[in-house]
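# Close look at the chain arrangement
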Amino acid sequence: MIQSMTGYGKTTVAYNGKKINVEVKSLNSKQLDMTSRIAPLYREKELEMRQILSEKLLRGKVEFNVWVENDETAEGGLVNTELMQSYYNQLKAFADKNQLKDVDWMVTLVRMPDVFNKVDTEEVSDEEWAVVRQAVCDAVQNLIDFRTQEGAALAKKFSEKIDNIEQLLASIEPYEKSRVEKIRARITEGLKQIPDAEYDKNRLEQELIYYIEKLDISEEKQRLTNHLQYFRQTMADAPGQGKKLGFIAQEMGREINTTGSKSNQAEMQNIVVKMKDELEQIKEQVLNVL
């Protein structure tokens, strides 16, 4: 079953007086485009975290965040005074340069990232890393569950659009049969309007057959039917079929366009316009499929 590229997952775990938060967001993208913001304590594990995400998420614009908060049950918190001083120096210089006054520095500084999460210089223990790694995996799985839920909604919408195109395609048939006789009658009537017109009836029949064959849409209808069936089959395959569905939608568009160019009847052209509208909605949504 297809998955959406849009998703959100978050996990919070407690370890040694700390609350470790892992958050993963994703939007649609042609490739895997990942940005991360990781607490300094765990940056040494960034490559391993990225590998976990790339193996499980495959594609999308992914935003990955890991941050640490002090647990309320912990005895006090560590204030990163060095970082706070650095923030103050930079902000004060900016304020002086731009002649900003009456700034409440404490209110501003306590809101800056990581000022209450002073990082110890010790390396992350194997036990702590195991906790963080599991939190990353859980957050990613939550995002995948979200993607799956969104994918089910997309699949339902696609099925409705495919059904509509099939019904519209079937509704062309009555007009397709009647137009042959209309073409024949129109040409014959036109010849009658020419005074003393002489023509070879056998040659006229041959020309009519040739003209009607050029307007025949049997092959286009068959190919479009096959594409619609293939689209359904692909939706039922394993996740990661978004690009393939996009290619199939393009092929469907070609057959619909060719059908429209061969439809020299207003009723048939109206039906083609409706099919194009249904297909356009598929194309818009298929960009969000993993």
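Throughout what follows, the structure given in this document is the object of discussion. (Residues numbered from 1 in each chain as written. Predicted model: local features only at pLDDT ≥ 70, side-chain atom pairs only at ≥ 80, totals over all residues. Heavy atoms only, no water.)

### What about the overall build of the protein chain?
Spelled out, the test is: The secondary structure listing takes helices from DSSP runs of H or I that are at least 4 residues long and strands from runs of E that are at least 2 residues long, numbered from the N terminus. All radius of gyration figures rest on C-alpha atoms, and the globule criterion is 2.2 Å times the number of residues raised to 0.38. Burial status follows relative accessibility: with a 1.4 Å probe on protein chains alone, a residue under 20% of its type maximum counts as buried, one over 50% as exposed, and anything between as partly exposed. Accessible surface area values rest on a Shrake-Rupley calculation with a 1.4 Å probe, where residue burial reflects the displayed protein chains alone. Neither His nor the chain ends contribute to the count of charged residues, in which Lys and Arg are positive and Asp and Glu negative. Every charge is mapped onto a representative atom, which is NZ of Lys, CZ of Arg, CG of Asp or CD of Glu.
Per the secondary structure count, the protein chain includes 9 helices and 4 strands. Reading the protein chain from its N end, one meets helices and strands in the order β-β-β-α-β-α-α-α-α-α-α-α-α. The C-alpha radius of gyration computed for the protein chain amounts to 32 Å, which surpasses the reference 19 Å derived for 290 residues by more than 25%, pointing to a less compact arrangement than a globule. In terms of overall dimensions, the protein chain has C-alpha extents of about 110 × 50 × 25 Å along its principal axes. Taken across its 290 residues, the protein chain has 36% of its residues classed as buried. Accessible surface, the protein chain: about 17600 Å² in total, of which carbon and sulfur atoms supply 49%. One finds the centroid of the 41 positive side-chain charges in the protein chain at a distance of 5 Å from the centroid of its 49 negative side-chain charges.

### Concerning a nonpolar patch on the surface
Where we set the bar: Patches here are clusters of residues that have more than 30% relative accessible area and form no salt bridge, with a 9 Å joining cutoff for like charges and a 5 Å cutoff for nonpolar side chains (Val, Leu, Ile, Met, Phe, Trp, Tyr). Salt bridge, as used here, is a side-chain nitrogen of Lys or Arg placed within 4 Å of a carboxyl oxygen of Asp or Glu.
A cluster of nonpolar side chains, Phe94, Leu100 and Val103, forms an exposed patch at the surface whose accessible area comes to about 270 Å². Examined against the element boundaries, Val103 turns out to sit in the loop between helix 2 (81-97) and helix 3 (105-109). A relative accessible area of 32% means that Val103 is categorised as partly exposed.

### What to know about the pattern of salt bridges
Counted under the stated rule, the structure contains 12 salt bridges. The salt bridge involving Arg223 is made with Glu220; its shortest N-O contact spans 3.7 Å. One end of the pair, Arg223, and the other, Glu220, are both in helix 7 (residues 218-236), 3 residues apart, so they sit about a helical turn from each other. Of the residues examined, Arg223 reaches a relative accessible area of 34% and is grouped as partly exposed.

### Some remarks on the packing of aromatic side chains
What characterises a pair of aromatic rings is the spacing of the ring centres plus the angle enclosed by the ring planes. Quick note on the threshold: Here is the rule: rings of Phe, Tyr and Trp (six-membered ring for Trp) pair when centre to centre is within 6.5 Å. Planes less than 30 degrees apart are stacked, more than 60 are edge-to-face, and the remainder are tilted.
If you walk through the whole model with that rule in mind, you get 1 aromatic pair. Ring centres of Phe158 and Phe231 lie 5.6 Å apart, and the angle between their planes is 85°; on these two criteria the pair is classed as edge-to-face. Taken together, the residues Phe158 in helix 4 (residues 126-171) and Phe231 in helix 7 connect sequence positions 73 residues apart.

### A closer look at the side chain of Asn65
Here is the rule: In the analysis that follows, any N or O atom pair within 3.5 Å is treated as a polar contact, provided that within protein one partner can donate a hydrogen and the other can accept it, and provided that, for residues neighboring in sequence, both atoms belong to side chains. It only takes one pair of heavy atoms within 4.5 Å for two residues to be counted as in contact.
The residue Asn65 is located in strand 4 (residues 60-70) in this model. In this structure the side chain of Asn65 is engaged in a polar contact, spanning 3.4 Å, whose partner is the side chain of Glu63. Sequence-distant contacts of Asn65, defined by excluding residues within four places in its chain, comprise Asn21, Val22, Glu23 and Arg37.

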